[in-house]
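Fold and geometry: a report
Listed here are the chains, written in short residue letters.
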Amino acid sequence: MTKPESDATSGPAADRAAPVIEVGDLHKSFGDLQVLKGVDLNVRRGEVVCVIGPSGSGKSTLLRCVNLLEQPSGGRIVVNGTELTDPDCDIDAARTGIGMVFQQFNLFAHLSVLENLTVAQRKVLRRDKAEAEKIARANLDRVGLSDKASAMPAQLSGGQQQRAAIARALSMNPDVMLFDEPTSALDPELVGDVLGVMRGLAEEGMTMLVVTHEMQFAREVADTVLFMDGGVVVEQGDPAQVIGAPRETRTREFLARVL
Ligand code: ADP
Ligand code: MG
């Protein structure tokens, strides 16, 4: 799929080649269990990278390391020029540029949708109430929930909750969005709306790293697909190649099970 060369969020053409996420030789162990065994990954500005692979292959751990929800055991992670693995890095500051959307939406149950979208803007970015609400409403509109600002999370469907979670992440003006199986907890009829929102973000030029089992989405939206198994990247490339004509046996076996 081709994308517009210039849009609201992308800079000059040269900028698009700059990596927003650089992961080098990333290792992560939990006790004796080696989960990531030397993962390399680059995501350029405006690029959509989809990570596919069997359960337990380390996909969530990879994403969680990229915003330091997990401490890497070794290797290097640079996001937007800031080395997160540098012991002197201001992690909280760096993290504000990274939006994360989880399988479970993790909305604050006791806060309205609007409050869910404003709390971090006010606490972390120190925006005043009026500005935070203006940005929140603009992002609710972006995900098709402008009429749900005063609803409580429990009053929303799973798909609406996930779209609210996406709007919450967007309200922090992230440089990059990480998605960890954002549609896996949804009833099938609600998946399309969430994927539609993600597709829209991709078309606007948002830099995205997406763990997904939605092969059709990966095929149509990703610039690069990366197949992980056993804590390593087995194969990566153009979606038409990795999903349509995989070179590695392990990729073929995985796709035969999920397609
Ligand atoms: P995926 O997202 O590809 O399904 P994960 O990254 O969630 O894989 O998990 C990879 C492996 O790491 C699994 O064997 C899982 O049990 C293990 N693991 C993940 N998080 C932890 C943790 N906090 N403590 C111990 N083991 C973990
Ligand atoms: Mg996972």
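Worth saying up front: this structure is predicted, and the values here are computed from it rather than measured.

Right, let's talk about the pairing of strand S3 (residues 48-52) for a bit. Among the 5 residues of S3, 5 are classified as buried, and the element is accordingly described as predominantly covered. Going residue by residue along S3, you find Val48, Cys50 and Ile52 tucked away on one face and Val49 and Val51 tucked away on the opposite face as well. Bridge count for S3 against strand S8 (residues 207-211) is 4 bridges, and the pairing is parallel. By the bridge assignment, Val51 is partnered in S8 with Val211. Examined bridge by bridge, S3 and strand S9 (residues 224-229) share 4 bridges and lie parallel to one another. Of the residues in S9, the one forming a bridge with Val51 is Leu226.

Another point: the site of ligand 1. Around ligand 1, the neighbouring residues are Phe30, Leu33, Val35, Pro54, Ser55, Gly56, Ser57, Gly58, Lys59, Ser60 and Thr61. Between ligand 1 and the protein, one listed contact pairs an oxygen atom with a side-chain N or O atom of Lys59 at 2.8 Å. Thr61 is positioned with one of its side-chain polar atoms (N or O) 2.5 Å from an oxygen atom of ligand 1. Contact with the protein chains removes 60% of the 560 Å² of surface that ligand 1 exposes when unbound. Those elements giving two or more residues to the shell around ligand 1 turn out to be strand S2 (33-44) and helix H1 (59-66). Looking at the shell around ligand 1 element by element, the count peaks at 3 residues for H1. Grouping the constituent residues of the shell around ligand 1 by class yields 4 nonpolar, 6 polar and 1 charged.

A few words now on the UniProt feature "domain: ABC transporter" (unreviewed entry) in the protein. When the UniProt feature table is mapped onto this chain, "domain: ABC transporter" (unreviewed entry) is found at residues 21-255. Structurally, residues 21-255 comprises 37% helix and 26% strand, and the distance from its first C-alpha atom to its last is 27 Å.

Conventions adopted
Residues numbered from 1 in each chain as written. Chains lettered and ligands numbered in written order. Predicted model: local features only at pLDDT ≥ 70, side-chain atom pairs only at ≥ 80, totals over all residues. Heavy atoms only, no water. Buried < 20%, exposed > 50% of the residue type's maximum accessible area, 1.4 Å probe, protein only. Helix = DSSP H or I, 4+ residues; strand = E, 2+ residues; numbered from the N terminus. Pairing = 2+ DSSP bridges. Near = heavy atom within 4 Å. Polar contact = N/O pair within 3.5 Å; in protein donor to acceptor, adjacent residues only side chain to side chain. Areas by Shrake-Rupley, 256 points an atom, 1.4 Å probe, with all protein chains shown as cover. Nonpolar A, V, L, I, M, F, W, Y, C, P; charged D, E, K, R; others polar. UniProt positions renumbered as here; feature names shortened; annotations may be inferred.

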